[in-house]
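# Structure assessment
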Amino acid sequence: MVKDIRDQKDHNREPNVGVGGGGGSEKKVLVGLIWNCAVELKFLLTALLLLCSLATILQFLPSTFPLSLSPSSLRSCLSATATGTTSTTETTKPTNTTETMIPPRVPDQILLPNGALKRGFVPYGTAAYSFILMSAYRGGPNTFAVIGLSSKPLHVFGKPNYTCIYHPNNNNNNNNESIIHVSPGVKILPDWGYGRVYTVVVINCTFESPVGVENGGRLVVEAVTNGGGDRDLNLTDTVEALVEPPGSVDLTLFASQPRYEYLYCGSSLYGDLNPQRVREWLAYHVRLFGGRAHFVIHDAGGVHPEVMEVLRPWMELGYVSLQDIREQERFDGYYHNQFLIVNDCLHRFRFFTRWMFFFDVDEYVYVPGRSSLRSVMDSLREYSQFTIEQMPMSNQLCLTEDAGKTPKKWGFEKLVYRDVKRGIRRDRKYAVQPRDIFATGVHMSQNMQGKTTHKTDKRIKYFHYHGTIAWRREPCRQLINDTQITFQDTPYVLDTTMRSVAPLVKRFEQNTIGQRLRTTRQ
């Protein structure tokens, strides 16, 4: 009976212990926990003490102290460590960043035995790419052309070179087709020194014997800096320039008759172009060049929706093809990389046309008299290249008789005053027989076989309406009622050559594509 009473008393005390938050038993548990973790707490406190001491000492170290540490470096280190220990799920990196390998730091200064202070230099980053591939084309059984951009200082002040390697696809039936062919690449710099950060490079790869004719293969180019940019380094970049699947090589292309008689290779089109001027230019030249002609337009940002509406009818008929080259704007080359673009066009269509023309969309080729373009080209077929004389026209002088009617007239119909200032060297444009050309420029080619003539003034010329392609307003700013005038210190004479052709061009456009472009605006 006594025992039961004591048990009941103990049972009644238990709730009071929990409610009051104290009690002897809890104190014992807390002391025991601290005593068992004493070692870990000592290590933690010691580490914090050392870390704070080190941070304090670093504040008073001189800047030339060999340890290249600073409070900011320490804070960065601690921050990185804290991030690594507290976050294990965030592993995604920004897509617009580039990881760069940082070379070992060179000592800022070392005292040499002779008393001189040796200074060190630490390079970071890359100023320009060694090579930027645009395209590569086969030019025959054993020859190829590789077109791209490269660092201009590398070529101006260095001596980079290229090696061409052809890896044939596996062919167990033909041992000759399994041999790897190696040949030095011949580089051509066709932009006449006009490059900026980048210059244009055309690499000719010619092997001693046919390669990949039956089973295809891979053309690889090794680009070697030869110490350009850093004399202590000889960097080699391996560029896979061309892949030819088995059975894809058609050698008949190089000996067959071309598909076109004339092909136009256009320079880079950029800016807010005038769709009406593009309309006039296309209608005029499709009529001039005839049914066996093709026009390659290169869009560097200038083919906006209104210009596209002008191109579409001619694209549907097969006269025009459009190349989107806006990506090249990433690389700082001359004039929207137009030397690069015309060289790509040359080699891309080299075996598709008999003649290839190079001029701009504010320039109009004209054959005087009763001659036809066909007869003129036949008379020049002994030449691989000929240049065309320029007829510079005013881009703002019009006739008084057109007052009130100029918006309805076409550009080359109303701009009728020709610049006749003497003693000025005018740019010329040109045409080539592309199978004789290895690389080309904007105004002529200097890398070719065969003959060139410049004596074409009486047979063919071009009228140049400078700047009108990019002017979205009415060009007629002065109306003149005279056959000659001096305007802004430049003498002009009335020249209605192109004006007389305008009605024929308008009729041709209507008969060919109908009224689809009648609402085109400037």
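Definitions and limits used
- Every residue gets a number counted from 1 within its own chain, in the order that chain's sequence is written.
- With pLDDT at 70 or above as the cut-off, local features in this predicted model cover only qualifying residues; side-chain atom pairs require 80 or more to be listed or tallied, and sums for whole chains, interfaces and linings still use all residues.
- Excluded from the side-chain calculation are hydrogens and water; included are all heavy atoms of the structure.
- With a 1.4 Å probe rolled over the protein chains alone, any residue whose accessible area is under 20% of its type maximum counts as buried; one over 50% counts as exposed, and the rest are partly exposed.
- Secondary structure elements follow DSSP: runs of H or I of four or more residues count as helices, runs of E of two or more count as strands, with numbering from the N terminus.
- Here, strands pair whenever DSSP counts at least two bridges between them.
- In the cavity and pocket records, a cavity denotes points on a 1 Å grid over the protein atoms alone where a 1.4 Å probe fits but cannot get out, a pocket denotes an open set with protein on both sides within 12 Å along at least 5 of 7 lines, and lining residues are residues with an atom within 4 Å of a point.
- Grid points are joined across faces, edges and corners, and a volume is the space filled by probe spheres set on the points.
- Side-chain classes are defined by residue name, with Ala, Val, Leu, Ile, Met, Phe, Trp, Tyr, Cys and Pro counting as nonpolar, Asp, Glu, Lys and Arg as charged, and the others, Gly among them, as polar.
- Fitting a line to C-alpha atoms yields each axis, with helices limited to the stretch in contact; the angle taken between N-to-C directions then spans 0 to 180 degrees.
- Contacts described as polar in this section are N or O atom pairs within 3.5 Å, which, within protein, must combine one atom able to donate a hydrogen with one able to accept it, while residues neighboring in sequence count only if both atoms come from side chains.
- Contact between two residues is taken to exist if any of their heavy atoms lie within 4.5 Å; hydrogens are not considered.

What follows is about the pairing of strand β14 (residues 363–366). Here β14 shows two buried faces, one formed by E363 and V365 and the other by Y364 and Y366. Taken together, the 4 bridges between β14 and strand β22 (residues 461–464) define a ladder with antiparallel strand orientation. When the sheet's bridge partners are listed, Y366 is paired in β22 with K461.

Okay, empty space enclosed by the protein next. In total, this model carries 4 cavities of 30 Å³ or more according to the counting rule given. Empty space within the largest cavity amounts to approximately 50 Å³. If you go around the largest cavity, the residues you meet are R277, V361, D362, Y364, G411, F412, L415, Y465 and T468. Residues belonging to the lining of the largest cavity are distributed by class as follows: 5 nonpolar, 2 polar and 2 charged.

Taken in spatial order, the 3 strands of this open sheet run β17-β25-β24, and their pairing is antiparallel. What marks the edges here is a single partner per strand, and that holds for β17 (417–419) and β24 (484–487). Ignoring strand direction, the axes of neighbouring strands in this sheet form an average angle of 35°.

Of note, S268 is situated in strand β10 (residues 260–269). When its relative accessible area of 8% is taken as the criterion, S268 is described as buried. From its side chain, S268 meets the backbone oxygen of H336 in a polar contact 2.9 Å long. Ignoring sequence-local partners within four residues, the contact set of S268 consists of H298, A300, I325, H336, N337, Q338 and I341.

The sheet contact formed by strand β5 (residues 161–168) and strand β8 (residues 217–224) spans 8 bridges and is antiparallel. Within the sheet, the bridge partner assigned to Y166 lies in β8 and is L219. For β5 and strand β6 (residues 181–188), the ladder comprises 5 bridges, and the chain directions are antiparallel. What sits directly across from Y162, in β6, is G185.

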